[in-house]
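Tertiary structure, described
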Amino acid sequence: MQWGVIIFFLLLTGCTQIQNDNLIIPPHDSTIKYQMDKMVESTKWLEELEPQLLSDKRNPPQAGVSVTPKNIFGIQTNEEPVYPSIPGFASLDTRQLGDQQEQCIRSFCRQLLKPERDIPPELMATGMEYLLYIFLFNIQDIRSFSRYIIGKPFINECTYLIPVRLYTNAAPLDIDFFLIQEQNEWHIQQIYIRTDTYE
């Protein structure tokens, strides 16, 4: 009995020994790490497209201050803001649009969205009321407009142009409104439909 126990422990001890002679060690140049290092070394890196992003000179918020919608505008920046634009229409940057000019255009467009399209002739410049009726006649086949957006105004010494896109069930309708100031109030002098955008 004792010999059986001794033989059992000897076999158990012999099985736990690591046979170093039977281990297969792969060559160094066939490991995954080696292959990855070689790939990184052989990769040709391009120059940064926008290196200024890494050297941004804006003043970040102080450490420990949580950024919220209320304090995000406190971050100082010298960069011009980027506004979206719609290809074939205009930029959506309306910073140069004055309150009175915007009110004139919005009053016109809000009435266009209604089924009766009862646009007050007072929005038109003096002597240009007939253009309103010509415009309404030209768009009589369009049943309804769902919404509108105002684009970036074009302003010079003698021109104040505001582009507007009206959305329909079909293609959008782009209109250019030309405004003029009369007795400290802004009125629509011309309405130009870009016929190439509506079908």
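Further up the page is the structure itself.
Calculation criteria
Residues numbered from 1 in each chain as written. Predicted model: local features only at pLDDT ≥ 70, side-chain atom pairs only at ≥ 80, totals over all residues. Heavy atoms only, no water. Buried < 20%, exposed > 50% of the residue type's maximum accessible area, 1.4 Å probe, protein only. Helix = DSSP H or I, 4+ residues; strand = E, 2+ residues; numbered from the N terminus. Pairing = 2+ DSSP bridges. Core = buried A, V, L, I, M, F, W, Y, C linked by side-chain atoms within 4.5 Å. Contact = heavy atoms within 4.5 Å.

Attention now moves to the pairing of strand β5 (residues 160-167). Burial analysis of β5 places eight of its eight residues in the buried class, which makes it a mostly covered element. Burial of the side chains of β5 extends over both faces: Tyr160, Ile162, Val164 and Leu166 are buried on one face and Leu161, Pro163, Arg165 and Tyr167 on the other. Of the pairings in the sheet, the one linking strand β3 (residues 147-150) to β5 comprises four bridges and is antiparallel in character. In the sheet register, Tyr148 faces β5, and the bridge partner there is Leu166. Pairing of strand β4 (residues 154-155) with β5, which is carried by two bridges, proceeds in the antiparallel orientation. By the bridge assignment, Phe154 is partnered in β5 with Leu161. In this structure, the hairpin formed by β4 and β5 is closed by a connection of four residues. The pairing of β5 with strand β6 (residues 173-182) spans six bridges and is antiparallel. Counted as the bridge partner of Val164 is Ile175 from β6.

With glycine set apart, most residues show a phi of negative sign, and most peptide bonds adopt trans. Even without being glycine, Arg117 reaches a positive phi, approximately 50°. Here Arg117 shows up in the loop between α3 (99-113) and α4 (129-138). For Arg117, a relative accessible area of 12% corresponds to the buried category. One non-glycine residue with positive phi stands out, namely Gln183, at about 50°. One can find Gln183 in the loop between β6 and β7 (185-193).

Counting 28 residues, the largest nonpolar core has Phe108 and Val164 as the members making the most contacts within it. With residues up to four places along the chain from it excluded, the contact list for Val164 reads Phe89, Ile105, Cys109, Tyr148, Ile149, Ile150, Leu173, Asp174, Ile175 and Phe177.

As for its position among the elements, Cys158 is in the loop between β4 and β5. Classification of Cys158 as exposed rests on a relative accessible area of 74%. Once the C-alpha coordinates of Cys158 and Ile180 are considered, the two residues, 22 residues apart in sequence, prove to be 8.8 Å apart.

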